[in-house]
Amino acid sequence: PGGRRRRRRRRRRPGDGRTRVVRSNLLPPPGVEDPAAGAAKGARRRRRGGAQRLADNRLKTTKYTLLSFLPKNLFEQFHRLANVYFVFIALLNFVPAVNAFQPGLALAPVLFILAVTAFKDLWEDYSRHRSDHEINHLGCLVFSREEKQYVNRFWKEIRVGDFVRLRCNEIIPADILLLSSSDPDGLCHIETANLDGETNLKRRQVVRGFSELVSEFNPLMFTSVIECEKPNNDLTRFRGCIIHDNGKKAGLYKENLLLRGCTIRNTEAVVGIVIYAGHETKALLNNSGPRYKRSQLERQMNCDVLWCVLLLICMSLFSAVGHGLWVQRYQEKKSLFDVPESDGSSLSPVTAAVYSFLTMIIILQVLIPISLYVSIEIVKVCQVYFINQDIELYDEETDSQLQCRALNITEDLGQIQYIFSDKTGTLTENKMVFRRCTVSGIEYSHDANAQRLARYQEADSEEEEAVSKGGSLPQRGSIGSHQSVRIMHRSQSTKSHRRTGSRAEAKWASMLSKHTAFSSPMEKDITPDPKLFEKVSECDRCLAIARHQEHPLAHLSPELSDVFDFFIALTICNTVVVTSPDQPRQKVRVRFEVKSPVKTIEDFLRRFSPSRLTSGCSSIGSLATNKATHKSGSNFLSTLSNDRTLLKLEEKLSQPTKAIASNGYSSGAASWAPEHTAQEQELEKEKEQEWELRYEAESPDEAALVYAARAYNCALVDRLHDQVSVELPHLGRLTFELLHILGFDSIRKRMSVVIRHPLTDEINVYTKGADSVVMDLLLPCSSDDARGRHQKKIRSKTQNYLNLYAVEGLRTLCIAKRVLSKEEYACWLQSHLEAESSLDNREELLFQSAIRLETNLHLLGATGIEDRLQDGVPETIAKLRQAGLQIWVLTGDKQETAINIAYACKLLDHDEEVITLNAESQEACAALLDQCLHYVKSKSPCSTPQKTEGNVSVGFSPLCPPSTSTTSGPSPSLVIDGRSLAYALDKNLEDKFLFLAKQCRSVLCCRSTPLQKSMVVKLVRSKLKAMTLAIGDGANDVSMIQVADVGVGISGQEGMQAVMASDFAVPRFRYLERLLIVHGHWCYSRLANMVLYFFYKNTMFVGLLFWFQFYCGFSASAMIDQWYLIFFNLLFSSLPQLVTGVLDKDVPADVLLTAPQLYKSGQNMEEYRPRTFWLNMADAAFQSLVCFFIPYLAYYDSDTDVFTWGTPITAIALFTFLLHLGIETKTWTWLNWIACGFSILLFFTVALIYNASCATCYPPSNPYWTMQTLLGDPVFYLTCLIAPVAALLPRLFFKAVQGNLFPTQLQLGRQLAKRSPKKLIAPKETFAQGHLLGEPRTESSEQRSIKTSGPLSQDCTSQASWHVQQPACSPEASGEPNVVDMNMPLREDILLEELSGQAPGSVPREAILEGCSGASKMKPTSTSRTAPLSSIFNLPNFSSLNWISSFSLVSGLGSILQFSRNSLQMDKQDSEFLPSPPQPDQDLCGLSGQTTDYF
C-alpha cells in the first residue's frame, strides 16, 4: 500500500499534468528555512536545471556522440531491410558447409557500403555540431544571486527560472515572460523574421500588475509562482497564470511571451523570466529540419526488389532440386568429384540440395543490388546541388534562389498530375495598392491613381526593354516587354493585373524602405481623388471651427460625417506600428496625455464624470494650439521622380540622419503650401521622404489603407497601447483613447477597435472586414422614415460598387461604425473583462464577446485594393497546362475577385463555359452536382477523365476556333464557393464532386478555409491516386503544403511559414515551370533509367553464373574468380552509371520548355513501369545467354582451365554493360568518357596485379598469370568484340525500328533537338512576342520572320496532305533548291505537330510555326494533325542506313558521314539561302530534312 501511495503521489505532481510550474531560481527551494542552506541548495538546484529537472538552454541537434556513433549509426542503417539481408548473406558465408567465398572477402562489399553511409552521416552530424557550438556560445545578461547584478553568460548556461535582461537589437535566447520594459507603457516590440520571415514589428506587453511598477524591477523581490501550459509548438498561443503571494491570479497570454529567435526592437531594455529553454522553446519545437518522404519511384523500386528476391529464391530452388537429382543419379560415382566426410560417409541428396540452395543464395546475392540505395542517395544529393546552382531559378529582384528542403523526392517533381495553388501572394504579388473607394454611396474612381500605376508599369517595361537591348541581364528580364502593345479581350482593368519585372520599383523599395515591409513607392504614393480630397478638406475645416462647440460632428452633413468617420476608421482600425527613420526600427515617442486603459467597471463609471469630460476638452484645445507651430508645407502627393532625384535621394539616405523634430512629423498638403520654385519643391520633397514616418503593418492590406488615408492628409502619427493619434491639417492632432482591439480572425473575417472619440467623448466601434460578413451585421433600416430609406439606398449602391470592384479583380473591404451608449458599453465591458481574465476557454469567450459587440453597424463605405499578378503567371499556367497538369486554385478571396484574377492569369478563358456551384444547403448541393454531371456527360458522352486531360491545349493562339477543333467542344471550368465546398466534401457527395472536377479544365475554389484546402488535396491524392503538388506563401497554406506529395513554399511577403513546411521553396510562381518541366523531368528520367540499369546489370551478371550450373551439376560452383564476383558491381562497373545518373539530359532544357507535352512521359511513368521492368529483365537474361555461350563455344574442347575461361566472360560482361549504358546515355560529357575509361582501366589493372602477385591468397582458386596469358590470345580479343555486339544487337534493332515507326514523344523531342542547328526558341521569348491564347500577333514579332516573294507566300500549314504529293514539291524531285522549300513543313514540323497534339483535336502551337506563318503574313486556318505512319515512309530521305545513326554513340559519326544525299542538299540550301544567322523561330521551319531518331 505504501508503494502504491507513493506512485499515486508521483502521478499527481503538477509538473506531470498539463501545466508547468516555474519559480524564480533566486529563491530558496520550498520548505527550506535557513537562507544559507537555501542558497547552497538553490545553486545546486540551478545547476541541475530546477526542481522539476527542466531542460537547459543548450541547443543540440546532433544525433551522435563519439561513443554512441558506431552502435547508433549501425542500428539506423539496419532499419533498411536490404542492409540486414546483405549482412545475413555475409555471415552465412562463414558457415563452412555452405560458404562460397573466403569469409573475409565476402564481408568487404557490405562493410564498404556501411562505411560510406556512416561517413556521410558523420559529416552531416559534424556540420550540425559546429552550428550548435556557435549558437550555444552567444552571450547575454543573466541576474546572479551571488553578485546581485546582471552578469554575462553563454546561452547554453541559461536555465528555466533565470532572469534575463535584453537590450535593443539583441536576439532572444529562450522563451521569456516579459516582466519589465524600459517603455513607460510596459510595451516591447519584437521582430519575428528569424521565426516566420515577417519583417514587420509585433507588440508585446508586460504582464498585468508589473507594468505599473514605479521603481526598476528587482528580480530578488519576485516571489510569484507561474503556472503555464506544457511546452508545445503553437506559435500563436500561450496560456497560463501568475499567482502572487496574496493568492491573487493574473492571466498570461501570447502578448506576454518573447519567443526565442526573435529580435528586440524599439525598446532600450527588457527583463523577463525564462519559461521554456532549449529544445522546449516554441521555435525549436517547430524546427523539424529537412523533411524525408519516400518518392513514388522508390516505392515502385522496393516492389521490384521483392520480385528480385523471389527470382533469387526460384533460381536457388531450381538449382537445389537439380543438384539433389544429380547427386542421386551419380551416387556410385560420387567419390570421383566429392570429398567424403572424415568417417567415410557422404551427404544424402536431400542434405546436398539444402546446402546447394544456401550456397546458391550466397553466389547469386548480386541479384539484389547492394549499392543501389547508396547510389540513389548520391545521385539525389548531386541533383539537388545542380538544381540549386541553376541560374535560371535565381530571382534578382528579391536576391533569392530555389531551396531544396527535402533531399529524397526530386524525381517526384517529374510525375506531378495536379497542382493546387493559393492565389494571394502566390499568383499575385501580395503588394496591395489602394485603387478606389465608395463612401456614403458615392463612388470615387481615383483615375489619376490608376494612371500613376500605369506609369509604373510603362516605366518598368521601358527600363526592361533598354536593359534587354543592352544584353547585360539574363534572358529572364525580357519577360513581357511587349505587354503594352497587346490587345486584351477583357476590359482595361484586367490589364492592371499584369505586372512587368519591376526593377525600378525594387530600387526605390530598397532605398526608401530597407527595413519596412509593404512600403514600396507604388504602395505608398497614392494620388487622391480630387472630389473626395475636397470633401475631406471641408470636413477638416468645419471641425476645426466647430471643435469647441458641444456637438462638433452635428455641424457636418450626414455625407461629410461619413467621409470623416471613413478616414478615421482607415487610419486607426488596424495594428500598424509607427516608426521613424532616424534610427533603424526606432519608434516615435510623443506622448500627450497618458490615459490608462479601462480595467474595471468602477474605472469606467469614474471616467464619465463631468469633470473628466471638461478636462478632456481643455487638454485637446491646448494640443491644437501647440500643434499649429509644427505645420509645414511639404507635400505627400509625391510622384515618380527622375533619375537625378533618385541619385540625390540615394546620397541623402546613405548619410547619417539628423535629429527629428519634437513630434517626429511634418504634415500638410500642396493646397496649403506656399508657392515655391521647382528646385525648392524637389529638395523639400526629398527632405519629406527622408523624414517621413514608417508604418510597420502586419498585412499589406492594412498598410495600403493607412497610406491611402495619409494621402488624404489623415495621417496616423503615433500609436501606444492605450491611445492612437491622427493628424489633420486644420484640426491638428486628434488623440483617440484606444479601449479595445478585437483582432482579425478567419472565422469572423473582420477586426474592430473600440475608441473614445476626442471631439464627442462618445465610445465608437470602428469595424472593417469582408463585405460578405459586414453587410449582414448592418443595422436593419425601415422603409418608413426618410433616414431609413436613405440608408437602404446607400447600402444597395455600395453593394453594386462592391460587385463592380470584384469584377475588376479588386480585393474589397467594408468599413462600418457603431456608437455605443454608456449602458451598452458597461454591459458589454463586464462580460468582455470576464472573458479576458478567464483561464479556460478564453479564445472562445473572446470570440463570442466580439460577435456581441459587432452588430447593428452603420455602413460608411468600402474600398477596392488591387493585388497585382506576378511576372509570368499566365505564361507559366499555360505551359503547365500543356504539360498535362491540372491546375486548381484554392483561395480565401470572394468569388468575383477570384474569377477575375483567374481570367487575368489565363486559368479561365473567355470562350469557355464556366460552371458555378453555389449551394445554400446540402440537398441543394447534391441536386446541383447531379445537374452539372448530367450536363457534362450529355455534352461529351464518350469522355473519360483521361481523355479530358489530353484534350486541352492552352497558352498559344488557336489556329482555329476551339468550338471546331473537337466534336465535343472544350471542357468547362468549375467555380465553387466555400460553403458549397464544405457540402461537396461530405462523405456522401465527395465522389460526385471529384468526378465533376475531373471532367473540368480547371477548378477554382473561393472563400475556402485552410482546412478545406488540405481536405481537397487529400481527396484528390487518396481517391484518384494522383501525384499532387501544393504551392502557397502564407501560414494558411501550410496544411495544404504538408498534405500534398510535393509541397512548394514561396518566400514572399507573408513570412516563411509556408517555406518552413515545404519540400521546395521558390522565389516566384513562374519558377515552378522550370522546376517541374525541366528539372522534374530530368530527375525522374535519370533515376528511372538508373534503377532499371541496376536491375539489368545485376540480373545479367547473375544469369552468367546460373547458366554455368547446368555444366557443373548445379553444385553452386562459379567460373568467375571470387575477387571479380565480389568487386565487380562495387568497383568496376559503378562509376559510369553514377555519372550518367547525375548528368544525363535525355532532352535539352530548351526543347522541354518549347514542347512541355514531353512532361507527360513522367506522369504516365513511361520510363519505369512494370512492363518496362520485365522487358528489361528478359533482355538481361538474353544478353547473359549470349555472353555465356559465345565464350563457351570459343573455348569449347580446349585445355583452358575454368578461371581462364571465366575471366573473358567477366571482361565481356563489363564491355556489354558499358556499351549498354552508352546506348542509354543521351548526353555525353567528358566525365562520361573518363568514367567508362576508368572502369575498363581499373578492371585490367586490378586483374594484372592480382594475377601476378596473389596466386595462392585465396585457395582453391589459382589465378596466376591468367590475364597476362589472355592478353596474348587473339581469341580473347575476338570474343570481347563479338559477344557484346551480338548481345546488344536485338536491343539496337528493336530501338531503331520502334524509333522510326512508332516514335514516342521523347524520341521526337530528342530528334528535334539534334536536328536544330540553333537553340530552340525559349518560352520567355515566345510569350514576350505576345503568343498568348487568343491574342493577335503584333507587327514586331512578324518582322522577325523570313521574308519571301509574294507569289510564294502561301500558307504552309494548309497543305494537310503534303506527304502524299511529296515527290512533286520536294527539292529532290525538282533537282534544284527553291526558296519555297524553306516554308515547306519538313520532318521537324511533323515532329512538333506530333509533340503538340497526341490527343485528337489538339491545337498546334503558333510559336513553333512562326517562321511559316510569319512568312505568309496570314494566320494558318486549318488544324495540324499527327502525321500518319505513311508520311514517315514517304519521306524522301528515309534511308536503310538511317537507323544506324539513331543511337547517341554513333550520332556524331552519322552527322559526319552524312548518310543521306538529301541531308547534303538541305545543308547546301541552308548555306545558300540563309546568309545571316537564322532566328530561333526560323530554325523550326527551315531545318535540314534528315530523318534520324535519338533515344
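Conventions adopted
Residues numbered from 1 in each chain as written. Predicted model: local features only at pLDDT ≥ 70, side-chain atom pairs only at ≥ 80, totals over all residues. Heavy atoms only, no water. Phe/Tyr/Trp six-rings, centres within 6.5 Å; stacked < 30°, edge-to-face > 60°. Buried < 20%, exposed > 50% of the residue type's maximum accessible area, 1.4 Å probe, protein only. Helix = DSSP H or I, 4+ residues; strand = E, 2+ residues; numbered from the N terminus. Core = buried A, V, L, I, M, F, W, Y, C linked by side-chain atoms within 4.5 Å. Contact = heavy atoms within 4.5 Å. Pairing = 2+ DSSP bridges. Axes fitted to C-alpha atoms, helices over the stretch in contact; angles between N-to-C directions. Parallel < 35°, antiparallel > 145°, perpendicular 65-115°, else oblique. Nonpolar A, V, L, I, M, F, W, Y, C, P; charged D, E, K, R; others polar. Left-handed = near helix turned anticlockwise from the far one by under 90°. Salt bridge = Lys/Arg side-chain N within 4 Å of Asp/Glu carboxyl O. Polar contact = N/O pair within 3.5 Å; in protein donor to acceptor, adjacent residues only side chain to side chain. Patch = residues over 30% accessible without salt bridge, like charges linked within 9 Å, V, L, I, M, F, W, Y side chains within 5 Å. Areas by Shrake-Rupley, 256 points an atom, 1.4 Å probe, with all protein chains shown as cover.

1. Quick look at the packing of aromatic side chains
In total, this model carries 56 aromatic pairs according to the counting rule given. On the basis of an interplanar angle of 80° and a centroid distance of 5.1 Å, the ring pair of Phe143 and Tyr150 is categorised as edge-to-face. With relative accessibility at 8%, the residue Phe143 sits in the buried group. Pairing Phe1132 with Phe1243 gives two aromatic rings, centres 5.4 Å apart and planes at 75°, and the pair type is edge-to-face. Of the two residues, Phe1132 is situated in helix H37 (residues 1122–1132) and Phe1243 in helix H43 (residues 1230–1253); the sequence distance between them amounts to 111 residues.

2. Considerations on the nonpolar core
Of all hydrophobic cores here, the largest spans 98 residues; its most connected members are Phe1095, Phe1101, Leu1104, Met1119 and Tyr1168. Counting residues per element, this core draws most heavily on helix H36 (residues 1071–1109), at 18 residues. Those residues in contact with Leu1104 that sit more than four places away from it in its chain are Met1119, Ser1184, Cys1187, Phe1188, Ile1209 and Ala1213.

3. Overview of the sheet that holds strand E11 (residues 257–258)
Across the sheet, six strands lie side by side as E3-E2-E4-E13-E5-E11; this open sheet has antiparallel pairing. Taken across any chain shown, the strands that pair with only one partner, and hence form the sheet edges, are strand E3 (149–154) and E11. Relative to strand E13 (residues 269–276), strand E5 (residues 175–181) runs antiparallel, the two being bridged by six bridges. Bridge assignment links Ser181 to a residue of E13, and that residue is Val270.

4. Regarding the packing of H36 against H37
For the pair H36 and H37, the least separation of the axes is 11 Å and the interaxial angle reads 170°. Relative to H37, the element H36 is oriented roughly antiparallel. On H37, the residues that touch Lys1097, Asn1098, Phe1101 and Leu1105 of H36 are Leu1125, Phe1128 and Asn1129. Taken together, the residues of the contact of H36 with H37 break down into four nonpolar, two polar and one charged.

5. Some thoughts on the side chain of Thr1266
Considering the arrangement of structural elements, one finds Thr1266 in helix H44 (residues 1266–1270). Residue Thr1266 is classed as buried on the basis of its relative accessible area of 7%. Dropping the residues within four chain positions of it, Thr1266 is found in contact with Phe1203, Thr1204, Thr1207 and Asn1251.

6. Some remarks on unusual backbone geometry
One non-glycine residue, Lys148, lies in positive phi territory at about 55°. Its location among the elements puts Lys148 in the loop between strand E2 (139–144) and E3. Exposure remark for Lys148: the relative accessible area of 57% places this residue in the exposed category. The phi torsion at Phe1114 lies on the positive side, around 50°, for a residue other than glycine. Turning to its location among the elements, Phe1114 is positioned in the loop between H36 and H37. Classification of Phe1114 by relative accessible area gives buried; the value is 12%.

7. Considerations on the packing of helix H8 (residues 296–329) against helix H41 (residues 1170–1194)
Relative to each other, H8 and H41 sit at 35°, their axes nearing to 12 Å. As H8 packs across H41, the resulting crossing turns out to be right-handed. Only Pro1170, Phe1173, Trp1174 and Met1177 of H41 make contact with H8, whose side of the interface consists of Gln300, Asp304, Trp307, Cys308 and Leu311. By residue class, the composition of the contact of H8 with H41 is seven nonpolar, one polar and one charged.

8. Here we look at the pattern of salt bridges
One pass over the structure, following the stated rule, counts 47 salt bridges. With a closest N to O distance of 2.9 Å, Asp125 and Arg128 form a salt bridge. In this pair, Asp125 and Arg128 both sit in helix H5 (residues 103–136), three residues apart, roughly one turn of the helix. For Arg128, a relative accessible area of 27% corresponds to the partly exposed category.

9. Some thoughts on the side chain of Gln895
Its location among the elements puts Gln895 in helix H27 (residues 895–904). A distance of 3.5 Å separates polar atoms of two side chains, one belonging to Gln895 and the other to Asn918. Discounting residues that sit within four places of it in the chain, Gln895 has contacts with Thr916, Asn918, Val975, Ile976, Asp977 and Cys1006.

10. Considering a nonpolar patch on the surface
A grouping of Leu1135, Trp1230, Leu1231, Ile1234 and Phe1238 is seen on the molecular surface, where their side chains present a nonpolar patch of about 490 Å² in accessible area. For the nonpolar patch, the element with the highest residue contribution is H43, accounting for four residues. Position of Phe1238 relative to the elements: it lies in helix H43.

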